[in-house]
Amino acid sequence: MDVYPSEFLMVGNSLKSDILPVLKLGGHAIHIPFHVTWKHEMIHHEIEHEHFYQAEQISDIIPLIKEM
């Protein structure tokens, strides 16, 4: 079965490795930050994308998914 990028959702704690590649492909992404970020994973700009969402903890993603 084929999955279109617009039908894909990534939930991850790394903006650089998890979130940005999925947004670039046209998918949806929810970032749940971890209290420590590896230096290699840091980005120095804000993400402004219509399919980018931010959550504090995993239980916060259910309402976000319902909005999509």
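Before reading further, recall that the structure is shown in the block above.
All figures in this text were calculated on a predicted structure; none of them were measured in a lab.

A.B. asks: Got a minute to help me understand the overall build of the chain in this structure?
C.D. replies: Each helix and strand counted, the chain has 2 helices and 3 strands in total. Start at the N end of the chain and walk to the C end: the helices and strands fall as β-α-β-β-α. Its C-alpha atoms give the chain principal-axis dimensions of roughly 35 × 25 × 20 Å. Burial statistics for the chain: of 68 residues in total, 29% are counted as buried. In the chain, 41% of the contacts between residues at least 6 apart in sequence involve partners at least 24 apart. Within the structure as shown, the chain displays about 5,300 Å² of accessible surface, and the carbon and sulfur contribution to it stands at 58%. Taken as two groups, the 4 positive and 10 negative side-chain charges of the chain have centres that lie 10 Å from each other.

A.B. asks: Just to check I follow, could you spell out a nonpolar patch on the surface for this structure?
C.D. replies: A cluster of nonpolar side chains, namely Ile62, Ile65 and Met68, defines an oily patch on the protein surface of about 240 Å² accessible area. Note on placement: Ile62 falls in helix α2 (residues 61-67). Overall, Ile62 belongs to the partly exposed group, its relative accessible area being 46%.

A.B. asks: I'm lost on the environment of Glu46 in this one. Help?
C.D. replies: Inspection of the secondary structure puts Glu46 in the loop between β2 (28-31) and β3 (52-54). Judged by its relative accessible area of 70%, Glu46 falls in the exposed class. For the pair Glu46 and Ser6, spaced 40 residues apart in sequence, the C-alpha separation works out to 22 Å.

Here is what the cut-offs are and how they apply
- Residues numbered from 1 in each chain as written.
- Predicted model: local features only at pLDDT ≥ 70, side-chain atom pairs only at ≥ 80, totals over all residues.
- Heavy atoms only, no water.
- Helix = DSSP H or I, 4+ residues; strand = E, 2+ residues; numbered from the N terminus.
- Buried < 20%, exposed > 50% of the residue type's maximum accessible area, 1.4 Å probe, protein only.
- Contact = heavy atoms within 4.5 Å.
- Areas by Shrake-Rupley, 256 points an atom, 1.4 Å probe, with all protein chains shown as cover.
- Lys, Arg positive; Asp, Glu negative; His and termini not counted.
- Charge placed at Lys NZ, Arg CZ, Asp CG, Glu CD.
- Patch = residues over 30% accessible without salt bridge, like charges linked within 9 Å, V, L, I, M, F, W, Y side chains within 5 Å.
- Salt bridge = Lys/Arg side-chain N within 4 Å of Asp/Glu carboxyl O.

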